[in-house]
Structures are given as structure tokens and as C-alpha cells.
Amino acid sequence: MREVTRPRLDYLAGIQNADGGWGYFPGKESWLEPTAYALLALHPSGPHQGAFERGWKLVRSWQLSSGAWKPAPHVNEAHWTTSLAIVLHAVRGVHDAALERGVSWLLGVKGAEGGALARIAGLFTSSLVEFDAGLVGWPWLPDTSSWVEPTSQALLALKLAAKYVHHDRLPGRIAMAERMLIERRCRDGGWNYGNRKVYGIDLLCYPETTAMALIGLKGLAVPGLAPSLQLAARLRADSRSQLARAWLTIALQCHGLPIANEEADLAPDVMVTALQLIALNRVLG
Amino acid sequence: MTTRRAFIPIAAGAASSLLCCKRPIASSGPAGMSRVAILRASSYSADLVDRMLRGISLCGLQVKGKRVLLKPNLVEFDRFAPINTDVSVVAAAVEVFERLGAAEVLIGEGPGHRRDTSALTEQAGYRAGIPQFERRFTDLNRDDVTSVPGFADIPGIFLPNTALRADLIVSVAKMKTHHWAGATLSMKNLFGLVPGAVYGWPKNKLHFIGIDTSVVELHRTFPRTFGIVDGITGMDGNGPIQGNPRQSNVIVMGRDLVAVDATCCRLMGIDPDKIEYLRLASPRGHVQESRIEQRGESILSTRIEYRLVPQMAHLRLQSGG
């Protein structure tokens, strides 16, 4: 274990909630998102297997009968964080009925913009924002539109799960979502939440969503991706956001680019700490 | 090519625009009058504490012993664009509510697009410019939440505990045009109370419910509010992010957010009767000028016409209005 990772792993294990999960901040209620990232960070670590198992058990208990996961114990909504639960299963190498039900649910969810009503609406509003409604990804919540981050998270989940789960729709959804992300890339080469243009004016990318999109596009060999990767490296060097830098590091790792890990202060933000560890231990890349 | 963001709501908006001439007029509102104060401030280095103390006094707000949550408008950072509530305004509000005896003055925001609220607060100068910022601030996108029953046509909505526990939510908004809603002021600013951890970035569920309906429902859900609109440097044109700076040199304040926003619209040269969320909220607040007791400066003396994108040109307040 690298010297730099041990104090962070100890810290992460030390702020685990009694129910086995993690809040977004120490002492707060458990949510699936920080819990999944914390578990991905702890997974390769021997000394904290007990903490991992408690968290794993909690995540498993949050799966709904639909196959989706809920984001927090009292938020009974089928949620985009299902993708994170699938990633966790895949990284742990667990292939069982829970994983299959999760993947089936995810494959059944798509952005509402592909529907007939939405397409008719588009006819009235062609000057607002631009995108190809035929290319559909994933929404934050069912029955809403596709956006860059949940689409990217779903792509990563399905690509990792594809080793274990075989489903007719899986290759097609992956291919379409990859095309969607490429189509919604901003002119500067990066991604924002999912609108590249409003009223004909180009919008700028964000570091964190650029990272997410590149993580989702892991394994895609497209020559046009090179400028986006160069941009990601620049954003990583320039960004003052610890969260963005951690995600950008993982994104660059996912595309096989050599990245020097940085020495960063321990953050009070659980996701930042966990993502820094995921980057340091190259869990996803 | 076609369009995105919120197809169904946009279609509703388009239909609404087409039918605007036939829309029902705003309700005359609740009984009585609403006080709205307009205070002149020529720059952010003016004595904003003095202006706000005067405004609060003119509006008759009592804050002693209350837990106050300041809700600024933090969206994205661009050093050349007045997108966010200026740090000087938020810092002044902290000082004012503490001086007036609030039990606690907290700050909370849940930006609609950006994941890293912490970095955004740093870029916007909040961390350096607001005393004890770390202790006061909650990222409302990632706060613990409670379900509140009944929200438009859905059974309920999850809202952050920090907001639900506040005795008074002060919407410290920015005076801006908005390319979907017409104007974003103290009411639209309430969108930032909705947690991204449940609804995403952006909070697309609200778009599907309807932007205007969601604004009104949030206003109904949080009845103990006060509005402070930073119109010292506002934004016109393609707001709320890509517009241009517009110097209005005013701070607008009041207990009735509907009346505050209707007044801001008149200052911006926008017809408040054509802002759908104001029309929908009119049974709970005053849109009509005759029902608003204007304090401080007059609308006429401080009105600066905000440029509107062509798609919003129909919102222009006719001269003399």
C-alpha cells in the first residue's frame, strides 16, 4: 500500500456511519453516492475489510423491487445512482441476481427527449438549444431528459457489467450513448451538464462533467477524442476544484494517459477523499 | 437537429407565449398592501449594511431570535459576468441580520449546474469575503433531506433540512433576465433550495413539472421568506449566464417576494403581468402596482430598461406602465 493512501483510507474508515454508509460530509446521513465511492476506495485495502463489508451490506439493502437502487434510506426513488451500485458490483466481481436486475432496470430507462411528445415540442423551440433528440442517453430520474453525467455513469456501469451480464439491448444502448456524448460535446472540446449551445451561443465546458464524459467514453477509440483528452489534462492542471481534479485524474487514467498523482490536503468532503483514493489506487483506470 | 433541456415544459412555455394575449390576468392578491423598499447603491463599495438596515426597517421585518438562512444565487463563475449575487451583498446581509439579533445566520445554496459548490463559493469570493463562511455554509445539493408532501402534481418533494429548519429564508437574489422564465429574481432563486443529490444537476424534474409552477410551489412551500435583490450590477440580454452587465444601482427588498419581483420587473422594463410565475403566484402576493407600497426610491427614478433577447421581447413593459 502506498504511504500516501493509508492515512486517507484510515480517515475514510473512521468516518463511516453506524449503519455502514457514508454521508456527503462526516456526521451526515448515509447516501448511496458517497457510500459507493467510499467502498470503491476501500475495496483493495486489507485492513478495512470490516468497514467495506458493512457498507456493502447496506448498499445491497437499498435495492428496490424494480431492480433500481434508491439514493438514500428514506428516499424511495429509482435513481441514477443505480449505475454506481452496478459499478461497485462489477469492481468487486459480484455477478448475481441483484446485479442482473440492476442492469435490466438501467437498460429500461432512457431520456424522455426521445419520445413523440418531446419531438413535437422540439418543433416549436428549435432556436433555444441544439442537439440530436434521436440520440438518447440516461436521465437523473426516470421520465426526464438525458444529461451528460447520468449518461456517463450508466455507460461506465454497463461497460463494466458487460463482463458478467449478457443482454440483447446492452451493446446498442452503449453505442447510442457514446454517440450522444460525442454529439453533445461543447465547441471547446469538453462537456458541461449537457447543453452545448443556447440561442446559438456556444456554452463552455465544465471540468467535472468533462471528466465524467471521458470516463463514460472509456474504451472508445475515436480519433476526435484527442483534443478532449488534451483539454482534460489542461483543466486538471488549472482547476481549483479538488473534486474536478480527482475526476479528471480518473478520466485520464481511463484513457491510459500517464498522470502524476498529486499531494492534496484531506478534504472534509467524503466524495473528494474517496475519489482521490480511487485515483491513487487506479481502481477504475 | 432539435432542442433539449425540458421539452415538455418548453412546449408549454411556447404555447403560453403564443396564447399570452388571452391569459387570465393576475389575481388582485391577498388583502392589504405589501411594502417594497428600493435603495440606491452606486457600487458594491457603498455602505450596503446601512442600506439593508434601512430597507429592513422600511419593510417592518423582525428577525430577533430567528434562525436565518441566506440563500444567494450562485450559478457559475465568470470573472467578467455578473452571474452570482455579489459577495459584498451577502457579507452585508450576514452583518445586518446578526446586528438585528438573529439567533443564527446561515448561508445555503444548491447550484443547478455545478457539482462542486465549494469551488464555486471560493471562485465567487465568498470564502474570503464572508466572516466564518465555513461554519455558516451548507451545500443544499448534498444536505440531508426530508420529504414534504404535495408539490404541484407529484406526491411530495425532498427538501434540505437546513432550509426546512430555518425560521426565515432570505432570498438574496441577483437581478437578471432569464431566457426561459423571463426574469430571475427572489422567487426563481428558490430553485437552489432543491437538492441535486435527489433531483440531479440540473434539477430536470422541476422543468418537467414546469419551471413557473415549480417556482410558485417552492414559494408556497417556504412561506417565511424575505427578498433582497442585488440590482447594483444586474444582467440583461441572454441571462441568467450569458447576458451582459447592466448597472441598475439598486437593492430591492421586501417581505412579499411576489411584490419584490414585480417591482424589480418594473425597474427592468419588464411587464410583471407577463411573467407567468408571478401571475400564478398572484393569489399569495401582490403583482399590481397599486397594491405595493413603494418605500425608498421610486420606480420612475431608478428604472433602467434591461435588454431582452428577441424571444422575450413580448415581455417589454409599455411606456407609462
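Within each chain, residues carry numbers counting from 1 in the order of the written sequence. Here every chain gets a letter starting at A, and every ligand a number starting at 1, in the order they are written. At least 70 in pLDDT is required for a residue's local features to be given in this predicted model, at least 80 for side-chain atom pairs to be given and counted, and no such filter applies to totals for whole chains, interfaces and linings, which use all residues. Working from all heavy atoms in the structure, the side-chain values ignore hydrogens and water.

**Here we look at the overall build of chain A**
Part 1 of the argument: Starting at the N terminus, helices and strands are each numbered in turn, a helix being any DSSP run of H or I of at least four residues and a strand any DSSP run of E of at least two. If you tally the helices and strands in chain A, you get twelve helices and two strands.
Part 2 of the argument: Helices and strands in chain A line up, N terminus first, as α-α-α-α-α-α-α-α-β-β-α-α-α-α.
Part 3 of the argument: Taking the principal axes of its C-alpha atoms as reference, chain A extends roughly 55 × 45 × 35 Å.
Part 4 of the argument: Exposure is judged per residue with a 1.4 Å probe applied to protein chains only, and the accessible area is read against the type maximum: over 50% gives exposed, under 20% gives buried, and values in between give partly exposed. Expressed as a percentage of the 285 residues in chain A, the buried residues total 61%.
Part 5 of the argument: Carbon and sulfur atoms make up 54% of the accessible area of chain A, which amounts to about 10400 Å² in all. Here the accessible surface of atoms and residues is derived via Shrake-Rupley with a 1.4 Å probe, and residues count as covered only by protein chains that are part of the display.

**Thoughts on the interface of chain B and chain A**
Part 1 of the argument: Residues are treated as being in contact if the distance between any of their heavy atoms lies within 4.5 Å. Of the residues lining the interface, 38 residues belong to chain B; the matching set on chain A comes to 58 residues.
Part 2 of the argument: Note on terms: buried area is the combined drop in 1.4 Å-probe accessible area of two parts once they are placed together, counting the loss on both. Roughly 4400 Å² of surface becomes buried between chain B and chain A when both sides are summed, with 59% attributable to carbon and sulfur atoms.
Part 3 of the argument: Salt bridge, as applied in this entry: a Lys or Arg side-chain nitrogen positioned within 4 Å of an Asp or Glu carboxyl oxygen. Linking chain B with chain A are six salt bridges.
Part 4 of the argument: Within 3.5 Å is the distance limit for a polar contact, defined as a pair of N or O atoms, with the added protein rule that one can donate a hydrogen and the other accept it, and that residues adjacent in sequence qualify only through two side-chain atoms. For the pair chain B and chain A, the number of links is 20 residue pairs in polar contact (both at pLDDT 80 or more).
Part 5 of the argument: Looking at the side of chain B that touches chain A, the elements that each hand over two or more residues are α1 (7-18), α4 (117-123), α8 (196-199) and α9 (204-209) of chain B.
Part 6 of the argument: When residues in the side of chain B that touches chain A are grouped by element, the largest group, five residues, is from α1(B).

**Details of the packing of aromatic side chains**
Part 1 of the argument: Pairing of aromatic side chains requires ring centres within 6.5 Å, counting the rings of Phe and Tyr and the six-membered ring of Trp. Pairs whose planes differ by under 30 degrees are stacked, by over 60 edge-to-face, and all others tilted. Across all of its chains, the model carries nine aromatic pairs over all chains by this definition.
Part 2 of the argument: Look at Trp80(A) and Trp140(A): their rings are 5.3 Å apart centre to centre, the planes differ by 90°, and that puts the pair in the edge-to-face class. In this pair, Trp80(A) is assigned in the loop between α3 (49-61) and α4 (82-92) and Trp140(A) in the loop between α6 (116-124) and α7 (148-161), connecting sequence segments 60 residues apart.
Part 3 of the argument: Given a relative accessible area of 2%, Trp140(A) falls into the buried group.
Part 4 of the argument: Taken together, Trp80(A), Trp140(A) and Trp201(B) form an aromatic cluster joined through their ring pairs.
Part 5 of the argument: Remark: a charge is flagged as sitting over a ring if the NZ atom of Lys or the CZ atom of Arg is within 6 Å of the ring centre and within 35 degrees of the ring normal. Just above the ring of Trp56(A) sits the side chain of Arg92(A); from NZ or CZ to the centre is 4.8 Å.

**Quick word on the nonpolar core**
All names here are of chain B.
Part 1 of the argument: Grouping buried Ala, Val, Leu, Ile, Met, Phe, Trp, Tyr and Cys residues that are joined through side-chain atoms within 4.5 Å yields what is termed a nonpolar core. Counting residues in each nonpolar core, the largest one holds 162 residues, and the members touching the most others are Met 175 and Tyr 277.
Part 2 of the argument: For this core, the element with the most residues is helix α11 (residues 257-268), which contributes nine residues.
Part 3 of the argument: Residues Ala 46, Val 90, Ile 232 and Met 253 belong to the second largest nonpolar core, which totals 41 residues.

**Looking at the side chain of Asp143(B)**
Part 1 of the argument: On the secondary structure map, Asp143(B) appears in the loop between β4 (137-139) and β5 (145-151).
Part 2 of the argument: Looking at Asp143(B), its side chain comes within polar contact range of the main-chain nitrogen of Asn161(B), at 3.4 Å.
Part 3 of the argument: In contact with Asp143(B), not counting residues within four places along its chain, are Lys28(A), Trp31(A), Thr138(B), Pro160(B), Asn161(B) and Thr162(B).

**Observations regarding α4(A)**
Part 1 of the argument: By the criterion of burial, α4(A) is predominantly enclosed, with nine of the eleven residues buried.
Part 2 of the argument: The inward-facing, buried residues of α4(A) contact α2 (32-42), α3, α5 (97-108) and α7 of chain A.

**Some details on helix α11 (residues 242-254) of chain A**
Residues and elements named next belong to chain A.
Part 1 of the argument: To estimate how far a helix should reach, multiply one less than its number of residues by 1.5 Å. Between its first and last C-alpha atoms α11 spans 18 Å; for 13 residues at 1.5 Å apiece the expected length is 18 Å, and the two agree.
Part 2 of the argument: For α11, the complete set of buried residues consists of Leu 243, Ala 244, Arg 245, Ala 246, Trp 247, Leu 248, Thr 249, Ile 250, Ala 251, Leu 252, Gln 253 and Cys 254.
Part 3 of the argument: Residues of α11 that are buried in the fold lie against α2, α7, α9 (207-216), α10 (226-238) and α12 (270-280).

**Considerations on the pairing of strand β6 (residues 154-160) of chain B**
Residues and elements named next belong to chain B.
Part 1 of the argument: Summarising burial for β6: six of the seven residues are buried, a large majority.
Part 2 of the argument: Pairing geometry for β5 and β6, over six bridges, is antiparallel. Paired with Val 148 across the bridge in β6 is Ile 157.
Part 3 of the argument: At least two DSSP bridges between two strands are needed for those strands to be called paired. In this antiparallel pair of consecutive strands, β5 and β6, the connection spans two residues, and Ala 152 shows a positive phi of 50°.

**Notes on the environment of Thr5(A)**
All names here are of chain A.
Part 1 of the argument: By the secondary structure assignment, Thr 5 is in helix α1 (residues 5-14).
Part 2 of the argument: Taking C-alpha positions, Thr 5 is 17 Å from Trp 247, a pair spaced 242 residues apart along the chain.
Part 3 of the argument: If we skip the residues at most four places from it in the chain, Thr 5 touches Leu 277, Leu 280 and Asn 281.

**Comments concerning the confidence of the model for chain B**
When pLDDT drops low, the exact placement of atoms in the prediction is not to be read closely.
Residues and elements named next belong to chain B.
Part 1 of the argument: Taken as a whole, chain B shows an average pLDDT of 92; of its residues, 92% reach a score of 70 or greater.
Part 2 of the argument: For the stretch residues 1-22, pLDDT sits under 50, and the model shows 56 contacts to residues farther than four places along the chain or on other chains.
Part 3 of the argument: Prediction confidence for the complex, expressed as pTM and ipTM, is 0.94 and 0.95 respectively. The predictor attaches a confidence to each residue, called pLDDT, with possible values from 0 through 100.

**Brief notes about the environment of Trp138(A)**
Residue and element names in this part refer to chain A.
Part 1 of the argument: If you trace the backbone, Trp 138 turns up in the loop between α6 and α7.
Part 2 of the argument: Trp 138 sits 29 residues away from Val 109 along the chain, and the two C-alpha atoms are 6.7 Å apart.
Part 3 of the argument: Only 3.1 Å separates the side chain of Trp 138 from the backbone oxygen of Val 109, close enough to count as a polar contact.

**Comments concerning the pattern of salt bridges**
Part 1 of the argument: Counted under the stated rule, the structure contains 31 salt bridges over all chains.
Part 2 of the argument: Taking the shortest distance from any N to any O, the salt bridge between Glu183(A) and Arg184(A) comes out at 3.8 Å. In this structure, Glu183(A) and Arg184(A) share a single accessibility class: buried.
Part 3 of the argument: Linking Arg35(B) and Glu293(B) is a salt bridge whose minimum nitrogen-to-oxygen distance equals 3.9 Å. Note that Arg35(B) is positioned in strand β1 (residues 34-40) and Glu293(B) in strand β11 (residues 292-296), a separation of 258 residues in sequence.
Part 4 of the argument: Residue Arg35(B) is classed as partly exposed on the basis of its relative accessible area, which comes to 35%.
Part 5 of the argument: Note on Glu293(B): relative accessible area 28%, which makes it partly exposed.
Part 6 of the argument: Each of Glu113(A), Glu183(A), Arg184(A) and Arg196(A) takes part in a single network of salt bridges with overlapping partners.

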